[in-house]
Amino acid sequence: MLYVIIIIAIVAAETKIKNYIDDNMKLGEHKKILIGKIVLSKHYNSGMFLNFMEDKKETVKMVSGVFLGFLLLLFSCFLPKKGHKLFKLGMSLVLGGATSNVSDRVKKGHVVDYFSFNGKSFKKLNKIVFNLSDLCIFLGSALIIFAGYGPGKSSSSTHETKE
């Protein structure tokens with residue numbers, strides 16, 4: 001149940017934040033926060049990551065929806081099983097972020113992105129605008145990878161052979 005609550009919390013928080021940004025900021029407007037390290041700005045992403053395929057909105061919508069459906073199916077298979085806590089947490093983060101972004105694509109035709117990093121230590125990220133969902137997807141993916149290949153996992157336990 002905890003994992004489902006995480007998904008719902010991410011979707012609810014992102015909906016609230018994205019609506020606030022949509023209602024209170026103009027496209028291209030910038031506001032620096034946290035001593036200028038974070039820049040809030042309103043950006044519409046019609047494609048995938050970094051506006052990839054932004055000219056193919058329907059394809060992006062379809063691929064995103066199919067991928068979300070696959071992840072939900074996989075999650076529903078693992079949810080009732082004991083253990084796999086790190087994997088389930090990672091899936092919850094990915095599903096919360098993906099659900100929010102797919103919902104934006106379906107309802108609005110684009111995803112609302114609203115913050116970027118600023119400063120010398122983030123030079124390569126200065127031009128990329130994110131949202132909380134993107135961070136959840138990234139962190140959740142890292143947890144899933146760690147759950148599959150992290151400490152305690154050996155090649156013999158992940159690739160059993162029958163003799």
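In this text, all values refer to a predicted model and were calculated from it rather than measured experimentally.

Right, let's talk about the overall build of the protein for a bit. Of regular secondary structure, the protein possesses five helices and three strands. Along the protein, helices (α) and strands (β) appear in the sequence α-β-β-α-α-β-α-α when read from the amino end. For the protein, the proportion of its 163 residues judged to be buried stands at 35%. Put simply, 58% of the contacts in the protein that link residues at least 6 apart link residues at least 24 apart. As presented, the protein carries roughly 10,600 Å² of accessible surface, and 67% of it is formed by carbon and sulfur atoms.

Here three strands make up an open sheet; going across it, the order is β1-β2-β3 and the pairing antiparallel. Only two strands of the sheet have a single partner each, and these edge strands are β1 (30-33) and β3 (111-117). Averaged over all adjacent pairs, the angle separating strand axes in this sheet is 30°, with direction ignored. For β1 and strand β2 (residues 38-45), the ladder comprises four bridges, and the chain directions are antiparallel. Along β2, the bridge assignment pairs K31 with L40. Together, β1, β2 and β3 form the strand contacts of helix α1 (residues 2-24), whose direction differs from that of β3 by roughly 85°.

The rules behind these values
Residues numbered from 1 in each chain as written. Predicted model: local features only at pLDDT ≥ 70, side-chain atom pairs only at ≥ 80, totals over all residues. Heavy atoms only, no water. Helix = DSSP H or I, 4+ residues; strand = E, 2+ residues; numbered from the N terminus. Buried < 20%, exposed > 50% of the residue type's maximum accessible area, 1.4 Å probe, protein only. Contact = heavy atoms within 4.5 Å. Areas by Shrake-Rupley, 256 points an atom, 1.4 Å probe, with all protein chains shown as cover. Pairing = 2+ DSSP bridges. Axes fitted to C-alpha atoms, helices over the stretch in contact; angles between N-to-C directions.

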